[in-house]
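Residues per chain are reported as follows:
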Amino acid sequence: MQLPEHGANPLRLYDRLGMEVPDRVLDFSENVNPLGVPEGVRQIWPELLSELPHYPDPDGEPFRSAAADYHGVPAERVLAGNGAAELFAVIAERYRGRTALLIHPTFSEYKATLLSKGATCIDFVTDPAEPEFPEDRVIKKMEEADVLYLCNPNNPTGVRLSVEAIRRLAEHGLRTGCELVIDEAFMDFAGEKHSFIPHTEEFPHAVVVRSMTKMYGIAGIRLGYMIGSGERIAGHRKAVPHWNVNGMAARIGKLCFGEESFRRRTVRYCKEERRRLSEFLETAGCIVTGSETNYISFRPRQSDGLYREMLGQGIVLRHTENFLGMDGTWFRVGIKEREKMEILKEALAGWFGEHSSS
Ligand SMILES: Cc1ncc(COP(=O)(O)O)c(C=O)c1O
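What you see is a predicted model; the values in this text were computed from it and never measured.

**Q** Explain the pattern of salt bridges to me, using residue names and the numbers behind them.
**A** Under the criterion given, the structure shown has 30 salt bridges. In this structure, D123 engages K111 in a salt bridge whose closest nitrogen and oxygen atoms are separated by 2.6 Å. Of this pair, D123 sits in strand 4 (residues 120-125) while K111 is found in helix 5 (residues 109-116), placing the two residues 12 residues apart along the sequence. Residue D123 is classed as partly exposed on the basis of its relative accessible area of 32%. The exposure class of K111 is partly exposed, given its relative accessible area of 25%.

Quick look at the structure:
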């Protein structure tokens, strides 16, 4: 039986698989910040009630200007969205009847939104076990496409492409008429110096999408933004619904940009836990992706049955059946609190012990 797609909804998953829900369920399938939300968000929370009776600012202020200041770009080059997810739907409209090049395995929403708008997708499937990005082959394929989507760092591998590599792709795209959509939902974990945002002025055919969900642990309020040329942003703005960003989210978002020490603590914590988990998995003979985010993916020697076995023990991994190029033999794990990571390792150690000879 094919496993159900799931995005951070473990109880529905048990239900769909007809499995009893164990007393303790630890969800490693979702990948928001393991340190939770910044303290400043908790403090401002009661005050946000005053926003409730009012319509929000139509441009998502004060969030939009805070995002512009954070990245050192004019506010006219920023479009605020009800999560990055909304912006992908808006962007896809631009490619109606056109052709998009997708590099798999990657986030499924690109294809879903593009197909829903009548775009054609070229699926370029890479091998996550192969760390080298096939730049020359991608460049060649760009000649058949109107747009190249890149997820950087990539979900589900966590692997980051260098700014230099993206510049080469962008330069080629300028020559051949292939635009770029770069999803940097997890760039906060890798570091701002790797962002393509400073290069979007030089390459106006490229847009960068960012999410506030992952770093700031605020998936519930839906907040993201997009940065591109003024002309491009003005065009997309016409397609977003009026008042698309609620007033509470706009205030929380502004506050989050000021949370430098929270960001630093998060990055340090995730780096250390990634290192510990990767070491453990590699020792057990797994192939592990070189992630720079708050999750990693791994392929054990023996994948069959692992997912269900872990579910039975109350451990929810992200299966990869619907990720082209991973086909269920890989698993993605979100970094969580230290105690939870230890429980995960203990459960996996049991599985590896029983399947060491395969
Ligand atoms: C790579 C990637 N981009 C974008 C999103 C959507 O982010 P948001 O919560 O801001 O809509 C996700 C959510 O999982 C994601 O994994």
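**Q** Mind laying out the packing of helix 12 (residues 260-283) against helix 14 (residues 338-354), listing which residues take part and the relevant values?
**A** Two elements in contact, helix 12 and helix 14, have axes separated by 11 Å at closest approach and are oriented at 10 degrees. Classified by the angle their axes make, helix 12 and helix 14 are roughly parallel. Contacts from Y269, E272, E273, R276, L277, F280 and L281 of helix 12 reach helix 14 at R338, M341, E342, L344, K345, L348, A349 and F352. For the contact of helix 12 with helix 14, the residue count by class is 9 nonpolar, no polar and 6 charged.

**Q** Just give me the short version of the UniProt feature "domain: Aminotransferase class I/classII large" (unreviewed entry) in the protein, but keep the residues and values in it.
**A** UniProt feature "domain: Aminotransferase class I/classII large" (unreviewed entry): in the numbering of this structure it lies at residues 25-348. Helix makes up 39% of residues 25-348 and strand 16%, with an end-to-end C-alpha separation of 15 Å.

**Q** Can you explain the packing of helix 3 (residues 63-71) against helix 11 (residues 247-257)? Please cite residues and give values.
**A** One can describe the packing of helix 3 onto helix 11 by two numbers: an axis separation of 8 Å at closest approach and a directional angle of 20 degrees. Relative to helix 11, the element helix 3 is oriented roughly parallel. Relative to helix 11, the crossing made by helix 3 is left-handed. Seen from helix 3, the contacting residues are F63, A66, A67 and Y70; seen from helix 11, they are A250, G253, K254 and F257.

**Q** If you had to explain the site of the ligand to someone new, which residues and values would you point to?
**A** Around the ligand sit 15 residues in total, of which D183, S211, T213, K214 and R222 are the nearest. Residue N155 places a side-chain N or O atom 2.7 Å away from an oxygen atom belonging to the ligand. S211 places a polar side-chain atom, nitrogen or oxygen, 2.7 Å from an oxygen atom of the ligand. When residues of the shell around the ligand are traced back to their parent elements, those giving at least two are helix 4 (84-94) and helix 9 (213-216). The leading source of residues in the shell around the ligand is helix 4, at 3 residues. A per-class count over the shell around the ligand returns 8 nonpolar, 4 polar and 3 charged.

**Q** Talk me through the domain arrangement of the protein; I want residue IDs and the actual numbers.
**A** Here the domain parsing of the protein yields domain 1 (10-30 + 261-353) and domain 2 (39-259). Contacts between domain 1 and domain 2 engage 23 residues on the former and 27 residues on the latter. A combined buried area of about 2,100 Å² lies between domain 1 and domain 2, and 60% of that area is made up of carbon and sulfur atoms. Interface area lost by domain 1 to domain 2 is led by R263, E292 and L324, which between them contribute 33%. Viewed at the interface, domain 2 and domain 1 are joined by 1 salt bridge. Across the pair E292 and R160 runs a salt bridge, and its minimum N-O distance is 2.8 Å. At the boundary of domain 1 and domain 2, one finds 13 residue pairs in polar contact (both at pLDDT 80 or more). For the side of domain 1 that touches domain 2, the elements supplying multiple residues, two or more each, are helix 12 and strand 10 (295-299). Ranked by residue count, the leading element in the side of domain 1 that touches domain 2 is helix 12, at 6 residues. The class makeup of the residues in the side of domain 1 that touches domain 2 is 10 nonpolar, 9 polar and 4 charged.

Criteria and thresholds
- Residues numbered from 1 in each chain as written.
- Predicted model: local features only at pLDDT ≥ 70, side-chain atom pairs only at ≥ 80, totals over all residues.
- Heavy atoms only, no water.
- Salt bridge = Lys/Arg side-chain N within 4 Å of Asp/Glu carboxyl O.
- Helix = DSSP H or I, 4+ residues; strand = E, 2+ residues; numbered from the N terminus.
- Buried < 20%, exposed > 50% of the residue type's maximum accessible area, 1.4 Å probe, protein only.
- Axes fitted to C-alpha atoms, helices over the stretch in contact; angles between N-to-C directions.
- Parallel < 35°, antiparallel > 145°, perpendicular 65-115°, else oblique.
- Contact = heavy atoms within 4.5 Å.
- Nonpolar A, V, L, I, M, F, W, Y, C, P; charged D, E, K, R; others polar.
- UniProt positions renumbered as here; feature names shortened; annotations may be inferred.
- Left-handed = near helix turned anticlockwise from the far one by under 90°.
- Near = heavy atom within 4 Å.
- Polar contact = N/O pair within 3.5 Å; in protein donor to acceptor, adjacent residues only side chain to side chain.
- Domains from an automatic or database assignment.
- Buried area = accessible area lost by both parts, 1.4 Å probe.

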